[in-house]
Amino acid sequence: MSEEEIKDHQEELLCKQLKYVYRNSQLYRKKFEESGAFPEDIQTIENFQKLPIFMDKAIERTSQQESTDRFGHPFGMHLCSSPDEIVFTGTTSGTSGVPTFTYTFTRADIEFLNRYIRHMLNYGGIHAGERLLFSHALGIYATSSILFGVRSQGVLPIDVDVRAGSKSILQYAKMAGPTAAMMTPSLAEHLIHKAAELGTDVRNLGLQAIFTVGEIGVGVPKIKKRIEESYGCRIYDYLGELGFSCDSDEYHGIHCVAPDLNLFPLDLIDPETKTPLAIYNGVIGERVTTELNLKGLPRIRYATGDVIQVFTDECSGCGFSGKRVKFVGRSDDMLIVKGANVYPSAIKKVVSNFIPDVTGELRIVLNNPPPRVVPPLQIKLEYGSHYDKSRLCVLEEKIKNALHTEARLTPDIIWCEPGTLEKSLTKTPLFEKNY
Ligand SMILES: [Zn+2]
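Predicted model only: the values in this text are computed from it and were never measured. (Residues numbered from 1 in each chain as written. Predicted model: local features only at pLDDT ≥ 70, side-chain atom pairs only at ≥ 80, totals over all residues. Heavy atoms only, no water.)

Novice: Even after reading the chapter, I still don't get the sheet that holds strand β14 (residues 335-337), so can you show me in this structure?
Specialist: Two strands in a sheet stick together by hydrogen bonds in their backbones, pointing the same way (parallel) or opposite ways (antiparallel). Strand order in the open sheet formed by three strands is β15-β14-β17, and the pairing between neighbours is mixed. The outermost strands of the open sheet, each flanked by one partner alone, are β15 (340-342) and β17 (372-373). Relative to β15, β14 is paired through three bridges, and the arrangement is antiparallel. Looking across to β15, one finds that Leu-335 is bridged to Val-342. (Pairing = 2+ DSSP bridges. Helix = DSSP H or I, 4+ residues; strand = E, 2+ residues; numbered from the N terminus.)

This is how it looks when you write it as structure tokens:
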């Protein structure tokens, strides 16, 4: 389909979905009523964007509390199916506050989503009969839904909970002989060191593809290169079922292969004012999610807090002509330093280019509640274990220059010994909060 045909198709699905959620969910009906519009009034994406934001994490929590109190189920007043039709529910890990059952699916939803996981595995050359090491936090977490897609491809997951520890993960991997792995980039990096400590090499695992989710790691050229060289295979970055990065040495972002699943990434808002942004090559904004086909607990005009950059030009790596996105940061992690928006992920990216002179671990020290920071911003960095400590001022100058050019920052750097900043295998905390 051409871009125009895809948009027409999305608008057709959008009209249907809006009528469906209006009929079946008290929350969405109320949101429409408050806006003064009816689903029949919405024919285009541009029209749809004139509606206020329907949901965010806070509204979702209130909605869950209400459905628990009134109907005895935790999914929220935006549930569109009967609670007994739900076959999977997953929350996000690593976030603060009350968990939300955001990833709640009916059987039909799961089967619809499975197609995308199969597509990604196929693209990575992983087929029926093979085995895949699956090392995330298992159980109630959203990532567990990916297992349905893996199994539907005929691929056997070797699912070792990340909390079992890296030694167990390596042991199971060695025994089961998987051809692919799914984990966070942090864990992929950690296993390189752990394997070396145990006198072996991750290359001996014989993996053909690694699929990672949940962090910016693969978007950092040095990290991508190091993981690919250590394991001797390609690493793909994916964002749920929405898309994945391509088979190129250079990282070209998530390729959006699921326009019939979600309006992503067409509905973009300004992270501060929450007003719609026009889509053009390179635009940065907060992504608003609207699920076009899910029937259980679809999110409609849901402000995710994820700040992304959208690319509309053809991928120079693989020729993909659809939209691509790169993750920029979280709108709630955004700092404002001297009037400029600064994302911790941008700082991490700059710092990672100095590996191995630094370890790559860092903390941004906050002495007052964000987003406003009284300059200079303080950053704790670990120097690399082989780095000559007496030459730290030279390195500091280089890093400061890079942060100034690439992130418009003039921070104070506080040096820490290697290994003193705690490393997390799920989502690394980037802030040290002293308030
Ligand atoms: Zn590409």
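Novice: Explanation requested: the coordination of the zinc ion in the structure shown.
Specialist: Around a metal, the idealised angle for a tetrahedral arrangement of four donor atoms is 109.5 degrees; for an octahedral arrangement of six donor atoms it is 90 or 180 degrees. Binding of the zinc ion to the protein goes through Cys-246 (SG), His-255 (NE2), Cys-315 (SG) and Cys-318 (SG), at separations of 2.1 to 2.3 Å. Considering all four donor atoms around the zinc ion, angles at the metal cover 101 to 119° and the coordination shape is tetrahedral. With relative accessibility at 3%, the residue His-255 sits in the buried group. A relative accessible area of 38% places Cys-318 in the partly exposed class. (Donors = N, O, S within 2.8 Å, 3.2 Å for Na, K, Ca; no water. Tetrahedral: all angles 85-135°; square planar, octahedral: opposite > 155°, others 65-115°. Buried < 20%, exposed > 50% of the residue type's maximum accessible area, 1.4 Å probe, protein only.)

Novice: Looking at this structure, I do not really get the nonpolar core. What am I missing?
Specialist: Soluble, globular proteins show a tendency: their nonpolar side chains are buried together. By size, the foremost hydrophobic cluster in this structure holds 47 residues, and its most contacted members are Leu-133, Leu-191, Val-202, Tyr-231 and Leu-261. Put simply, the parts of the chain that give this core at least two residues each are α5 (107-123), α7 (166-176), β5 (180-183), α8 (185-197), α9 (221-231), β9 (254-256) and β12 (302-311). Among the elements that take part in this core, α8 stands out by supplying five residues, more than any other. For Leu-133, the contacting residues outside a window of four places in its chain are Ile-158, Val-160, Ile-169, Ala-173, Pro-178, Ala-180, Ala-181, Met-182 and Met-183. Among the nonpolar cores identified, the runner-up in size contains 28 residues, and Ile-355, Leu-362, Leu-381 and Trp-415 belong to it. (Core = buried A, V, L, I, M, F, W, Y, C linked by side-chain atoms within 4.5 Å. Contact = heavy atoms within 4.5 Å.)

Novice: When you look at the sheet that holds β12 in this model, what are you seeing that I'm missing?
Specialist: Reading across the sheet, the eleven strands line up as β4-β3-β5-β6-β7-β8-β9-β13-β12-β11-β10 and stay open at both edges, with mixed pairing between neighbours. At either end of the open sheet lies a strand with only one pairing partner, and these are β4 (156-159) and β10 (268-269). As judged from the two bridges shared by β9 and strand β13 (residues 324-330), these two strands associate in the antiparallel manner. Within the sheet, the bridge partner assigned to His-255 lies in β13 and is Arg-324.

Novice: Please explain the packing of α8 against α9 as it appears in this structure.
Specialist: Helix-helix packing is described using two parameters, namely the angle between the two axes and the distance between the axes. Two elements in contact, α8 and α9, have axes separated by 10 Å at closest approach and are oriented at 50°. Accordingly, the angle class assigned to the pair α8 and α9 is oblique. Of the two possible hands of crossing, α8 and α9 adopt the one that is left-handed. Here Pro-185, Ala-188, Glu-189, Leu-191 and Ile-192 of α8 lie close against α9, whose contacting residues are Ile-223, Arg-226, Ile-227, Ser-230 and Tyr-231. Its residues assigned to classes, the contact of α8 with α9 comprises seven nonpolar, one polar and two charged. (Axes fitted to C-alpha atoms, helices over the stretch in contact; angles between N-to-C directions. Parallel < 35°, antiparallel > 145°, perpendicular 65-115°, else oblique. Left-handed = near helix turned anticlockwise from the far one by under 90°. Nonpolar A, V, L, I, M, F, W, Y, C, P; charged D, E, K, R; others polar.)

Novice: Even after reading the chapter, I still don't get the pattern of salt bridges, so can you show me in this structure?
Specialist: Pairing between side chains becomes possible if they bear opposite charge and their charged atoms approach one another. Taken as a whole and judged by the stated rule, the model has 23 salt bridges. Linking Glu-291 and Arg-299 is a salt bridge whose minimum nitrogen-to-oxygen distance equals 3.0 Å. Between Arg-330 and Asp-332 there is a salt bridge whose closest N-O contact spans 3.3 Å. One salt-bridge network, in which partners are shared between bridges, spans Lys-224, Glu-228, Arg-234, Asp-247 and Asp-249. (Salt bridge = Lys/Arg side-chain N within 4 Å of Asp/Glu carboxyl O.)

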